[in-house]
Amino acid sequence: MGVPLRKNVQFQLLWLGGTVSQLGTQLTTYAMPLLILAVTGSFFWAGVIAGVRATTLILTQMPAGVWVDRWDRGKVLVWSQTTQAVAVAAMAANVVTGLNSIPLFIALAAVDGVCTAFAGPARSTAIKAVVPPDRLRTAFAQEEARGHVAWLAGPSLGALLYGFGRAVPFAADAVTFLVAAVCAWFAKIPARTEQRPRGRVRHDVREAWTWLWRRRGMRNVVAIFLTLNLLGTASMIPVVAVVKERGGPDWLVGLVLTGVGVGGLLGALISPKVTLRYDRLIVAVLTVFGVSNLAMALPFGAWWPFVPLMVTAIATPLLNVSVSAIFTGLVPDDLMGRIDAILTFASRALTPLAPVLGAFLADLAGGALALLVFGALILVTALVAEFTDLRAPAPQLS
């Protein structure tokens, strides 16, 4: 057993910076639609801005993974977060000056998407560099907790700051990115002893895909995550629809959705203690997801979806922490950036379709029936997973 994680200063600095910056991101995620509505009278451009950020992130993901494996990962993390601080500060200036230029918001959102594509794999490789294998599960549990804390506090804090001034959430977000960059700098992430040669980007991408493809159990896990992310994300709009169909006010919609943050935080706290083998855990969590979706359709009142939604959220960190720890422990250090990019890209490739799918089915058949359909499909996925090879091999290079 190595040094206790709480005494691992490098990891704790990374975690602190990540927590602060993720909270800041939540501030502007909810402030941006309010600002765009106030400026244009429509949510349309807010959707365009979010879509541009997501598109640039996806398009940049693979090349970013390649370059993270070649460059100094600590410096990549510092500079990507510093650039994000500058971009969000420019957004604040866009508001303060009264310019409120939509093209400028779009351009800055694209910059943020590119930086996020680099920061993600850089952060994963940094964690692998400073956390010993026997502490990875605990480290990823702590990582999971920060996301749910930000999810709980961010929306209400963002709305509060927006009330003080339209530019305030953006200025606060810029400060949080700067704090994250400073934390990453002081963490002093060790550079690789051997840097990969420059050039041959396609070869490097192909090498990583080949490494993953040859490990059938791991690629099957990615396919399961792809399906689960699609169906799980698609279920969110039907949840809102159910609350509204049962006469729930807008504030109750927000309260019901906080079940995700409450459950996720609880799940993150207990995840290090879960000893169930990760392939069995996948089947168990899928089953919980499916049953919870079906339960949300029960006619127990507008508040009821909070309960099964919280149960679903408790199960989510158990799965994320287990799989992240297994994959991070198995992936060779010189492939870590590219494999992280591949996993992010592959598991989320269909999620942009999810809100459209959920909204279409909710409009067509109602929120409750939509939840029943998605719940049934998740249970089918659990059945498929039961008879699918999800085992992880011993770590080795291709």
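Please read these numbers as outputs of a predicted model, since none were measured by experiment.

### Some details on the overall build of the protein
Summing up its helical and strand segments, the protein has 15 helices and zero strands in all. A globule of 398 residues ought to have a C-alpha radius of gyration of about 21 Å, and the protein, at 21 Å, matches this closely. Expressed as lengths along the three principal axes of its C-alpha atoms, the size of the protein is roughly 60 × 60 × 40 Å. The buried share of the protein, taken over its 398 residues, is 49%.

### Side note on the UniProt feature "transmembrane region" (unreviewed entry) in the protein
Taking the UniProt record as the reference, the feature "transmembrane region" (unreviewed entry) is found at residues 30–52, 170–187, 221–239, 251–269, 281–303, 309–330, 342–362 and 368–388. This span, residues 281–303, is 70% helix and 0% strand, and a straight line between its end C-alpha atoms measures 29 Å. This span, residues 342–362, is 76% helix and 0% strand, and a straight line between its end C-alpha atoms measures 32 Å.

### Concerning the packing of aromatic side chains
Tallied over the entire structure, the rule returns five aromatic pairs. Judged by centre distance (5.1 Å) and plane angle (75°), the ring pair of Phe300 and Trp304 falls under edge-to-face. Taking relative accessible area as the criterion, Phe300 reaches 46% and is therefore assigned partly exposed. If you follow Arg70 out to its NZ or CZ, it ends over the ring of Trp67, 4.6 Å from the centre. It is Arg219 that lies over the ring of Trp213; its NZ or CZ is 4.1 Å from the centre.

### A closer look at the pattern of salt bridges
Scanning the model with the defined rule gives 11 salt bridges in all. One salt bridge in this structure joins Asp333 and Arg73, with 3.1 Å as the shortest N-O distance. Taken together, the residues Asp333 in the loop between α12 (306–330) and α13 (336–348) and Arg73 in helix α3 (residues 73–96) connect sequence positions 260 residues apart. A residue is classified by how much of its surface remains accessible, and Arg73, at 5% relative accessible area, is buried. Note that Glu386 is salt-bridged to Arg280, the shortest N-O span being 2.9 Å.

### Some points on empty space enclosed by the protein
Scanning all chains against the criterion turns up one cavity of 30 Å³ or more. Of the pockets and cavities examined, the largest cavity occupies roughly 40 Å³. Contributing to the lining of the largest cavity are Leu13, Leu14, Gly17, Gly18, Leu77, Gln81, Arg123, Ala180, Cys183 and Ala184. At the level of elements, α1 (9–40), α3 and α6 (168–187) are the ones that each hand at least two residues to the lining of the largest cavity.

### A few points about the packing of helix α5 (residues 136–164) against α6
Remark: α5 packs on α6, axes separated minimally by 7 Å, with the N-to-C direction vectors making an angle of 120°. Comparing the axis directions of α5 and α6 gives the class oblique. Taking contact as the criterion, the partners of Gly158, Leu161, Tyr162 and Phe164 in α5 are, on α6, Val168, Pro169 and Ala172. For the contact of α5 with α6, a count of residues per class yields six nonpolar, one polar and no charged.

### Some points on the packing of helix α14 (residues 354–365) against helix α15 (residues 367–386)
Relative to each other, α14 and α15 sit at 130°, their axes nearing to 7 Å. Between α14 and α15, the angle falls in the class oblique. The interaxial crossing formed by α14 with α15 has right-handed handedness. Along the contact surface, α14 presents Leu357, Gly358, Leu361, Ala362 and Ala365, while α15 presents Gly367, Leu369, Ala370, Val373 and Phe374. Class assignment of the residues belonging to the contact of α14 with α15 gives a composition of eight nonpolar, two polar and no charged.

### Things to note about the nonpolar core
If you look at the biggest cluster of nonpolar residues, it comprises 43 residues, and the most contacted ones within it are Val221, Ile282, Leu286, Val323 and Ile339. Of all the secondary structure elements, the ones that give two or more residues to this core are α2 (44–70), α7 (201–213), α8 (216–234), α11 (278–296), α12, α13, α14 and α15. At nine residues, α8 tops the list of elements feeding residues into this core. Leaving out residues up to four positions away in the same chain, Val323 has contacts with Val221, Phe225, Tyr278 and Ile282.

### So, the domain arrangement of the protein
One frequently used descriptor of interface size is the decrease in accessible area upon assembly of the parts. According to the domain assignment, the protein contains domain 1 (1–189) and domain 2 (201–392). Between domain 1 and domain 2, the C-alpha centre-to-centre distance is 22 Å. Contact with domain 1, which involves 26 residues of that partner, is made by 38 residues of domain 2. Summed over both partners, the interface of domain 1 with domain 2 buries about 2,800 Å², with 70% contributed by carbon and sulfur atoms. Of all residues in domain 1, the largest losses of buried area upon contact with domain 2 belong to Met62, Lys128 and Arg137, amounting jointly to 25% of the total for that side. Our count for the domain 1 to domain 2 interface comes out at three salt bridges.

### A closer look at the state of the cysteines
All told, the structure shown has zero disulfides when counted by the stated rule. As a non-bridged cysteine, Cys115 has Cys183 as the owner of its nearest cysteine sulfur, 18 Å distant. The class for Cys115 is buried, based on a relative accessible area of 7%. Judged by its relative accessible area of 8%, Cys183 falls in the buried class.

Criteria and cut-off values
Residues numbered from 1 in each chain as written. Predicted model: local features only at pLDDT ≥ 70, side-chain atom pairs only at ≥ 80, totals over all residues. Heavy atoms only, no water. Helix = DSSP H or I, 4+ residues; strand = E, 2+ residues; numbered from the N terminus. Rg over C-alpha atoms; globule rule 2.2 N^0.38 Å. Buried < 20%, exposed > 50% of the residue type's maximum accessible area, 1.4 Å probe, protein only. UniProt positions renumbered as here; feature names shortened; annotations may be inferred. Phe/Tyr/Trp six-rings, centres within 6.5 Å; stacked < 30°, edge-to-face > 60°. Lys NZ or Arg CZ within 6 Å of the ring centre and 35° of its normal. Salt bridge = Lys/Arg side-chain N within 4 Å of Asp/Glu carboxyl O. 1 Å grid on protein atoms, 1.4 Å probe; cavity = no way out; pocket = protein on both sides within 12 Å on 5 of 7 lines; lining within 4 Å. Points joined across faces, edges and corners; volume = space filled by probe spheres on them. Axes fitted to C-alpha atoms, helices over the stretch in contact; angles between N-to-C directions. Parallel < 35°, antiparallel > 145°, perpendicular 65-115°, else oblique. Contact = heavy atoms within 4.5 Å. Nonpolar A, V, L, I, M, F, W, Y, C, P; charged D, E, K, R; others polar. Left-handed = near helix turned anticlockwise from the far one by under 90°. Core = buried A, V, L, I, M, F, W, Y, C linked by side-chain atoms within 4.5 Å. Domains from an automatic or database assignment. Buried area = accessible area lost by both parts, 1.4 Å probe. Disulfide = S-S within 2.5 Å.

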